[in-house]
Amino acid sequence: NEKVYTGYLRADLDTMLGSVNMTGNIGTQLVFTDQSSEGFNSPGGIGVVRTPVSDGAKYADFLPSATFNFDLSDSFKLRFGAARTLTRARMDHLNASYNASISNQPPATGFNSIFRGDGGNPKLRPYRAWSVDASAEYYFGGAGYVSIATYYKWLEDFVNPSSPVVRDFSQLVPSLSPDQRAAFLATGSNTLGLASSPDNTANGYIFGVEASLSLPFSVFSQALDGFGFQTSGSYTDSKLTVFFRDRPDTFDVTVPGLSEWVVNSTAYFEKAGFEARLSHRFRTSYLAEFIGISASRGFRQTYDESIFDAQIGYRFQPGSALEGLSITLQ
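An account of the accompanying structure is given in this report. Please read these numbers as outputs of a predicted model, since none were measured by experiment.

1. Brief notes about the overall build of the protein chain
Turning to step 1, where the next piece is worked out: Across its full length, the protein chain holds 1 helix and 17 strands.
Turning to step 2, where the next piece is worked out: For the protein chain, the C-alpha radius of gyration of 28 Å lies well beyond 20 Å, the compact-globule estimate for 330 residues.
Turning to step 3, where the next piece is worked out: Based on the C-alpha atoms only, the size of the protein chain along its principal axes is roughly 90 × 50 × 40 Å.
Turning to step 4, where the next piece is worked out: By residue count, 32% of the 330 residues in the protein chain fall in the buried class.
Turning to step 5, where the next piece is worked out: Of the contacts made within the protein chain by residues no fewer than 6 positions apart, 65% connect residues no fewer than 24 positions apart.
Turning to step 6, where the next piece is worked out: Taking the 26 positively charged and 32 negatively charged side chains of the protein chain as two groups, their mean positions are separated by 6 Å.

2. A closer look at the pairing of strand 16 (residues 305-315)
Turning to step 1, where the next piece is worked out: Taken together, the 10 bridges between strand 13 (residues 274-283) and strand 16 define a ladder with antiparallel strand orientation. Across the sheet, residue Arg 281 finds its bridge partner in strand 16, namely Ile 307.

3. Observations regarding the environment of Leu 155
Turning to step 1, where the next piece is worked out: Summarising the element assignment, Leu 155 is placed in strand 8 (residues 144-168).
Turning to step 2, where the next piece is worked out: Residues in contact with Leu 155, not counting those within four places in the same chain, are Arg 128, Ala 129, Asn 203, Gly 204, Tyr 205, Ile 206, Leu 240 and Val 255.

4. Describing the nonpolar core
Turning to step 1, where the next piece is worked out: Tyr 98, Ala 100, Ile 102, Ile 114, Phe 115, Phe 169, Leu 172, Val 173, Leu 176, Ala 183, Phe 184 and Ala 195 together form the largest nonpolar core, which totals 12 residues.
Turning to step 2, where the next piece is worked out: Elements that contribute at least two residues to this core include exactly strand 5 (98-102) and helix 1 (178-186).
Turning to step 3, where the next piece is worked out: The element that contributes the greatest number of residues to this core is strand 5, accounting for 3 residues.
Turning to step 4, where the next piece is worked out: In contact with Leu 176, not counting residues within four places along its chain, are Ile 102, Ile 114, Phe 115, Arg 181 and Phe 184.
Turning to step 5, where the next piece is worked out: Counting 8 residues, the second largest nonpolar core, distinct from the first, contains Ala 129, Leu 155, Ile 206 and Val 255.

Reading the values: the criteria
Residues numbered from 1 in each chain as written. Predicted model: local features only at pLDDT ≥ 70, side-chain atom pairs only at ≥ 80, totals over all residues. Heavy atoms only, no water. Helix = DSSP H or I, 4+ residues; strand = E, 2+ residues; numbered from the N terminus. Rg over C-alpha atoms; globule rule 2.2 N^0.38 Å. Buried < 20%, exposed > 50% of the residue type's maximum accessible area, 1.4 Å probe, protein only. Contact = heavy atoms within 4.5 Å. Lys, Arg positive; Asp, Glu negative; His and termini not counted. Charge placed at Lys NZ, Arg CZ, Asp CG, Glu CD. Pairing = 2+ DSSP bridges. Core = buried A, V, L, I, M, F, W, Y, C linked by side-chain atoms within 4.5 Å.

This is the structure we're talking about:
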């Protein structure tokens, strides 16, 4: 269950700075969240008794933002922006339920407990980030443009989906077998154990640069009207530093889902109802999330990828007996 209350204040901007028209807005949001989850914990095995559990969190976020657009001429524009943003965690990560395993022997090393578990974390916070971005855009030929943009994001509270979180397993003590009770006493009757749960234990950054071009061939000759080419290429550098609340060591990974290089290109013809296009997308290797056994999710590094696709079609024009019908082969 999640209740979200949002208040905002925004001022629109439209003024002249000398001979330059500036538009945009500045503002802020205040977001209050009340989240909770009810579920069960249960030790593994047959005939186990599930114990109801519930937990949650309340918190507020202050999210300022600003955008500025400068019309240096009819065809040349500059844009700047800055904001603090949040993205909420997945619903299954907020689940209060978790499963427990109980050992018959005290551990020889590591956390001194016979209890372990895995599940969700109803206290999980959203992903948060500060970001700045800028772009320069030049428009020509009616439908053509060239642009370059860059951005930087400071990532906070990034969710590590399998962080070791300390939980209290005292509700399972009455159900211990004789061997488990002996092991429990050997740990000093420690009811705490580690559960693999999502937690906000990663910080990092994303830096990106993207260049784009849309080129209608009619700028060269009206004989080429309808032909055109579009392309964009982006470079992304990212890093997450994953830490643990109960020990000093850390490790670094790239942000899941982001390739270092991505290029999208399309050659097309569109005129008098005829459409034809050939597209290509290339992206380098990235850290991807895959569905595993029992719908569990895991991370694997992908290979580089190229995808080609093509399309040809015809849309019957106004006045035709078949107006509104289109035929497409992809």
